[in-house]
Amino acid sequence: MRASLRAKAIAVCEAKIAKKGEGVGLSFYAFFANRNDNPELLMEAAEWWIKTHKLDHFEKAVKIRDMIGSGL
């Protein structure tokens, strides 16, 4: 996953955690606007989430933040 997407994903996770607490879940769609204006980037996130790490559709934001922060 490219560095800009990693940074955005971590920021989104941290914002969701700050707003709703450490139990909040999210999907990779949370990293994007409600329109498909960058399909290549969306597919990169989907591949990281689904193919590489075999994550469920919704995961805890804390888990995703920590995974991305550790370089996975």
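In this text, all values refer to a predicted model and were calculated from it rather than measured experimentally.

Some remarks on helix α2 (residues 39-52)
Over its 14 residues, α2 extends 18 Å from the first C-alpha to the last, a length consistent with the 20 Å expected when each residue adds 1.5 Å. The sharpest bend along α2 comes to roughly 30 degrees, located at A46. Considered for burial, the residues of α2 that qualify are L41, L42, A45, A46, W48 and W49. If you follow the buried residues of α2, they end up packed against α1 (3-20), β1 (25-26), β2 (59-60) and α3 (61-69).

A closer look at the nonpolar core
L26, F28, F31, F32, W48, W49 and I64 are the most contacted members of the largest nonpolar core, which totals 22 residues. When contributions to this core are tallied by element, the ones reaching two or more residues are α1, α2 and α3. By residue number, the principal contributor to this core is α2, which donates 6 residues.

Some words on unusual backbone geometry
Backbone geometry follows two general trends: most residues other than glycine have a negative phi, and most peptide bonds adopt the trans configuration. You will see that K54, though not glycine, has its phi angle at about 50 degrees, which is positive. By the element assignment, K54 lies in the loop between α2 and β2. Among the residues examined, K54 registers a relative accessible area of 66% and is labelled exposed.

Quick word on α1
With 18 residues, α1 should reach 26 Å at 1.5 Å per residue; the first-to-last C-alpha distance of 26 Å fits that figure. For α1, the set of buried residues is L5, R6, A9, V12, C13 and I17. Axial view of α1: buried residues confined to an arc of 130 degrees, hence all on one face. In α1, those exposed residues whose orientation departs by more than 90 degrees from the buried face are A3, S4, A18 and K19. Those residues of α1 that are buried lie in contact with β1, α2 and α3. G21 occupies a position one or two residues after α1 and carries a positive phi of about 95 degrees.

Each value, and the rule that gives it
Residues numbered from 1 in each chain as written. Predicted model: local features only at pLDDT ≥ 70, side-chain atom pairs only at ≥ 80, totals over all residues. Heavy atoms only, no water. Helix = DSSP H or I, 4+ residues; strand = E, 2+ residues; numbered from the N terminus. Expected span 1.5 Å × (residues − 1). Bend = angle between axes of the 7 residues up to and from the residue. Buried < 20%, exposed > 50% of the residue type's maximum accessible area, 1.4 Å probe, protein only. Contact = heavy atoms within 4.5 Å. Core = buried A, V, L, I, M, F, W, Y, C linked by side-chain atoms within 4.5 Å. Arc of directions from axis to C-beta.

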